[in-house]
There are 2 protein chains.
Amino acid sequence: MPKLWNETIEAHRRTVHDAILDTTVALVAERGLLAVTMSQIAEKTGIGRATLYKYFPDVESILMAWHSRQVAGHLEHLARVREHEGDAGRRLEAMLETYAQIHHQMARQGRHQGFGPDLIRFLHRSEDVVRTQHQLHDMLRGALADAAQAGQVRDDVAADELTAFCLHALQAAAVLPSKAAVQRLVALTLAGLRAR
Amino acid sequence: MPKLWNETIEAHRRTVHDAILDTTVALVAERGLLAVTMSQIAEKTGIGRATLYKYFPDVESILMAWHSRQVAGHLEHLARVREHEGDAGRRLEAMLETYAQIHHQMARQGRHQGFGPDLIRFLHRSEDVVRTQHQLHDMLRGALADAAQAGQVRDDVAADELTAFCLHALQAAAVLPSKAAVQRLVALTLAGLRAR
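Remember, predicted model here, so these are calculated numbers, not experimental data.

The rules we used
- Residues numbered from 1 in each chain as written.
- Chains lettered and ligands numbered in written order.
- Predicted model: local features only at pLDDT ≥ 70, side-chain atom pairs only at ≥ 80, totals over all residues.
- Heavy atoms only, no water.
- Least-squares fit on C-alpha atoms with pLDDT ≥ 70 in both.
- Contact = heavy atoms within 4.5 Å.
- Buried area = accessible area lost by both parts, 1.4 Å probe.
- Salt bridge = Lys/Arg side-chain N within 4 Å of Asp/Glu carboxyl O.
- Polar contact = N/O pair within 3.5 Å; in protein donor to acceptor, adjacent residues only side chain to side chain.
- Helix = DSSP H or I, 4+ residues; strand = E, 2+ residues; numbered from the N terminus.
- Nonpolar A, V, L, I, M, F, W, Y, C, P; charged D, E, K, R; others polar.
- Expected span 1.5 Å × (residues − 1).
- Buried < 20%, exposed > 50% of the residue type's maximum accessible area, 1.4 Å probe, protein only.

What am I meant to see in the relation of the copies chain B and chain A here?
Mapping one chain copy onto the other needs a rotation about an axis and a shift along that axis. With an RMSD of 0.0 Å, the fit of chain B onto chain A corresponds to turning through 180 degrees and sliding 0.0 Å along the axis. Taken together, the turn and the small shift mark the pair as related by a two-fold rotation axis. Interface overlap between copies: 100% of the residues of chain B at the interface are likewise at the interface in chain A, consistent with a symmetric, same-surface contact.

I tried to follow the interface of chain B and chain A on my own but got confused; where do I start?
How big an interface is tends to be stated in terms of the accessible area lost upon association of its parts. The partner chain A presents 23 residues to the 23 residues of chain B that form the contact. For the pair chain B and chain A, the summed buried surface comes to about 2000 Å²; carbon and sulfur atoms form 71% of the total. Note that Glu161 of chain A is salt-bridged to Arg184 of chain B, the shortest N-O span being 2.8 Å. The interface formed by chain B and chain A includes two residue pairs in polar contact (both at pLDDT 80 or more). Sorting the residues of the side of chain B that touches chain A by element identifies helix 6 (117–124), helix 8 (159–170) and helix 9 (179–194) of chain B as the ones contributing at least two each. Class assignment of the residues belonging to the side of chain B that touches chain A gives a composition of 13 nonpolar, four polar and six charged.

What is the right way to read helix 7 (residues 127–149) of chain B from this model?
Note that an α-helix has 3.6 residues per turn; residues three or four places apart therefore point the same way. Residues and elements named next belong to chain B. If you check helix 7, its first and last C-alpha atoms are 33 Å apart, about what 23 residues at 1.5 Å a residue would give, namely 33 Å. Looking at helix 7, one finds that the buried residues are Val129, Thr132, Leu136, Met139, Leu140, Ala143, Leu144, Ala147 and Ala148. For helix 7, the secondary structure elements touched by its buried residues are helix 4 (59–84), helix 5 (88–112), helix 6, helix 8 and helix 9. Two residues or fewer past helix 7, Gly151 is found with a positive phi of approximately 75 degrees.

Here is the structure:
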């Protein structure tokens, strides 16, 4: 087959794939996870049921794919933030703020869409999420090591430990009520990193 | 029935109950969750299978009861720590240190006993654990509010937000390799609380 054909097919598959994810999340938000069927998803996406099953075996795996896409987007966002700040201290600060606000927003969105704790646990079980956690840890550890070398954060605690502290502390963003509260959380975390 | 009889029965039930929990955890640590049956638990506890089923319907619910007992013990431990320190700043410090070391030790024990992530997620789903989280939050918020009033921690961030920051940050203790690393984590968290 000519290359163009393959590319077109690939673009088409990607479009259908993304449409399935978006439709499913919208339906789950509207009706709740248990009330959504594969037939409804197919109908609302505008594809046949048989086609839908070529992409995904069940509703849960669609939601998992949606979650992986979200998380991948957030990682790219963080990587861009890292590139756009010059100074190691500012770069770290921007990354922590971005991570915390993303975490806050995802939790908010999950609550808004009526994702219960079981579904959230299920989504967090995927191997993609574990891989992402490692990437996130590495990315942040790099920023912390740079900032320590630049004298912007303490260097008497190993970068791996500082990273674990940050990542856990900022997860509190999920339970905070506002963006302003998340900013205060970031300030607390940075104060911990900077003090001696 | 006379009161003494009831008390004896109650003490007996409590002894059997506790023996079931201890036996089950030992068996799961030895053989893995999936390999342990109710029959083995009954035999090793020294009771009949029918008696065991009067206490618990399955292995998972025994482990959940064991986990609740552990968590209740830890909360009592924290409450004692709170009572034994005089100064608000020292009291807070002792509570954070105790909480972090407990968290570290439980994670270590869980890994040692071969508790996989699915079992841990299952144990954390119990309503007891949710209630405990609230009690823990309240206990810590009280200590933080006292310390803020005594000028030992910053008072420009609400005690609820400081509590969320602490509880999340200290959960990093679960992934840290040593007690010394946990102490450094507590120091980072305290530095965040104290800075302005």
